Amino acid sequence: MRTTRTAAALLAASALVVLAGCSSSGGKEGDEKPSAAGGGGESAKTPRLKIAMVTHSGEGDTFWDIVQSGAEVAAKKDNVQFLYAAAPEAKEQAQLVQTYIDQDVDGIVVTLAKPEAMSDVVKKAVAAGIPVVTINSGAEFSKDLGALSHIGQDESVAGEAVGEELNKRGKKKALCVIHEQGNVSLEARCAGVRKTFKGSVENLNVEGTNMPASTSSIEAKLQSAKDIDAVVTLGAPFAAASVKAKAGAGSGAEVNTFDLNEDVVKQLKAGDIGFAVDQQPYLQGYLAIDELWLNKTNLNVIGGGKPILTGPALVTEKDVAALEKLTADGTR
């Protein structure tokens, strides 16, 4: 997209700034952080490693804060310097991965929300002898790209579970809100809902990086389609937006969501959300670092190279008491 050498150089410099700013764990500051779930005790005595994670996270997405928390705890335990960077646009995400390849890191964790844009750079990392673990999205593409394994939930199965739960709740028309158009995992979720739900499902694409605009889009849809009795959002922040949109539209639709965070648990407790689908993002970050460490130090491959499932699990108001402290701590 940038055709001059000067522009390319500026882009590379910007990427390095982002990478430096997002680095965490392993230094003095990392050692002084309190231990979290699964992270007590001294660091491993194995050789120091440098492992990078590059995701498709947009700004302010709390899901990725939880993923990072898990990765940081595993990194401290495993004597790993953990580096993190993110870009919502796939081409920029691929460029960040390339930057880490150039740094000759010991392992890379990456998401495949838009696998066609990530394919070449992931293959390049593997060809350079850098082991790769994919997480969260694009499970069906992971093996062909040469990754050790994929860690996350089966998005189609998760969507099917939501459709079945909507049937139990007697719903007839669902709105599936997609906050990142072209993301294969989000599309698989809505397709899964459609597969098992006995009612009708309509997809709504919203501008996920602009929450006010997303809220307005959902509100407008609920105003124009009064027969919608269920809203399914595909990320925790959009559940709150849908609750607000529902009130603005005067709708009686039940709001349900994929993913869990502190606000979703509060909304479950208040009855503003019917249920949530938990894919355990903390576990995705933790296991990804652990797998790369085990592979580098002991040639282990968790799950024998097959996908490692961290979900789905349906969470309702009955689970709130057990989850309130954990979500407040940022580990669920």
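Throughout what follows, the structure given in this document is the object of discussion. The structure presented is a predicted model; accordingly, all values stated were derived computationally and were not measured.

What follows concerns helix H13 (residues 320–328). Turning to H13, its buried residues are Val-320, Leu-323 and Thr-327. Down the axis of H13, the sector holding all buried residues measures 70°, keeping them to one side. Summarising the geometry of H13, the exposed residues directed more than 90 degrees from the buried face are Ala-321, Ala-322 and Lys-325. For H13, the elements touching its buried residues are helix H11 (262–270) and strand E12 (313–315).

Okay, the sheet that holds strand E1 (residues 49–55) next. With respect to topology, 6 strands assemble into an open sheet ordered E2-E1-E3-E4-E5-E11, the strand pairing being parallel. Edge positions in the open sheet fall to strand E2 (80–86) and strand E11 (308–309), since each of these has one partner strand only. Here E1 pairs with E2 via 7 bridges, running parallel. If you follow Thr-55 over to E2, its bridge partner there is Ala-86. Each of E1, E2 and strand E3 (107–111) is contacted by helix H4 (residues 90–102), which is oriented at about 170° to E1, the strand it contacts most. The sheet strands contacting helix H12 (residues 281–298) are E1, E2, E3, strand E4 (132–135), strand E5 (150–152) and E11, and the helix crosses E1 at an angle near 140°.

The description of an aromatic ring pair rests on the distance of the ring centres and on the angle between the ring planes. Taken as a whole, this structure holds 3 aromatic pairs when the rule is applied. Look at Phe-63 and Trp-64: their rings are 4.9 Å apart centre to centre, the planes differ by 75°, and that puts the pair in the edge-to-face class. The same class applies to Phe-63 and to Trp-64, which are both buried. Centroid distance Tyr-282 to Tyr-286: 6.3 Å. Interplanar angle 20°. Geometry classified as stacked. Here Tyr-282 pairs with Tyr-286, and both are found in helix H12, just 4 residues apart, close to one helical turn.

Side chains of a nonpolar character, in soluble globular proteins, are inclined to be buried together. Grouped together as the largest cluster of nonpolar side chains are 28 residues, with contacts concentrated most on Met-53, Phe-82, Val-109, Val-133, Ile-135, Ile-151 and Ile-289. Here this core gets 8 residues from one element, more than from any other, and that element is helix H3 (residues 62–77). Not counting the four nearest positions on each side in its chain, Met-53 is found in contact with Val-67, Ala-71, Phe-82, Leu-83, Tyr-84, Ala-85, Tyr-100, Val-109, Ile-135 and Gly-285. Counting 25 residues, the second-largest nonpolar core is a separate cluster that includes Leu-175, Val-206, Val-243 and Leu-323.

What follows covers the sheet that holds strand E7 (residues 200–205). Two pairing modes exist for strands in a sheet, parallel and antiparallel, and in both the strands are linked by backbone hydrogen bonds. Taken together, the 6 strands give an open sheet; going across it, the order is E7-E6-E8-E9-E10-E12, and neighbouring strands pair in mixed fashion. Sheet topology places E7 and E12 at the edges, where each strand pairs with a single neighbour. Neighbouring strand axes in the sheet, compared pairwise and without regard to direction, differ in orientation by 20° on average. For strand E8 (residues 230–233) and strand E9 (residues 254–258), the ladder comprises 4 bridges, and the chain directions are parallel.

This part covers the environment of Val-206. Considering the arrangement of structural elements, one finds Val-206 in the loop between E7 and helix H9 (211–224). You can call Val-206 buried: its relative accessible area is 10%. Each C-alpha atom of the pair Val-206 and Ser-217 lies 6.6 Å from the other, and the pair is 11 residues apart in sequence. Dropping the residues within four chain positions of it, Val-206 is found in contact with Val-177, Ile-178, His-179, Ser-214, Ser-217 and Ile-218.

Turning our eyes to something else, we now look at the side chain of His-179. Checked against the element boundaries, His-179 lands in the loop between strand E6 (173–178) and helix H8 (184–196). In contact with His-179, other than residues within four places in its own chain, are Leu-186, Val-206, Glu-207, Gly-208, Leu-234, Gly-235 and Phe-238.

This next bit is on the pairing of strand E10 (residues 273–278). Counted residue by residue, E10 has 6 buried out of 6 residues, so it is predominantly covered. As paired elements, E9 and E10 share 3 bridges and run parallel to each other. Bridge assignment links Val-255 to a residue of E10, and that residue is Ile-273. In this fold, the crossover linking E9 to E10 by way of H11 has right-handed handedness.

To continue, consider the packing of H4 against helix H5 (residues 115–127). Packing of H4 against H5 leaves a shortest axis separation of 9 Å and a crossing angle of 10°. Relative to H5, H4 is oriented roughly parallel. Taken together, the residues of H5 that come into contact with H4 (itself represented by Ala-90, Gln-93, Ala-94, Val-97, Gln-98 and Ile-101) are Ala-117, Met-118, Val-121, Lys-124 and Ala-125.

We now examine the state of the cysteines. In the structure shown here, the tally under the stated rule is 1 disulfide. Sulfur-sulfur distance for the disulfide between Cys-176 and Cys-190 comes to 2.1 Å. Negative torsions about the S-S bond denote left-handed disulfides, and the value of about -85° found for Cys-176 with Cys-190 makes this one left-handed. Here Cys-176, found in strand E6, pairs with Cys-190, found in helix H8; they are 14 residues apart in sequence, far enough to count as distant. Taken as a pair, Cys-176 and Cys-190 share a single burial class, namely buried.

Definitions and limits used
Residues numbered from 1 in each chain as written. Predicted model: local features only at pLDDT ≥ 70, side-chain atom pairs only at ≥ 80, totals over all residues. Heavy atoms only, no water. Buried < 20%, exposed > 50% of the residue type's maximum accessible area, 1.4 Å probe, protein only. Helix = DSSP H or I, 4+ residues; strand = E, 2+ residues; numbered from the N terminus. Arc of directions from axis to C-beta. Contact = heavy atoms within 4.5 Å. Pairing = 2+ DSSP bridges. Axes fitted to C-alpha atoms, helices over the stretch in contact; angles between N-to-C directions. Phe/Tyr/Trp six-rings, centres within 6.5 Å; stacked < 30°, edge-to-face > 60°. Core = buried A, V, L, I, M, F, W, Y, C linked by side-chain atoms within 4.5 Å. Right-handed = clockwise from strand over helix to strand, strands pointing away. Parallel < 35°, antiparallel > 145°, perpendicular 65-115°, else oblique. Disulfide = S-S within 2.5 Å.

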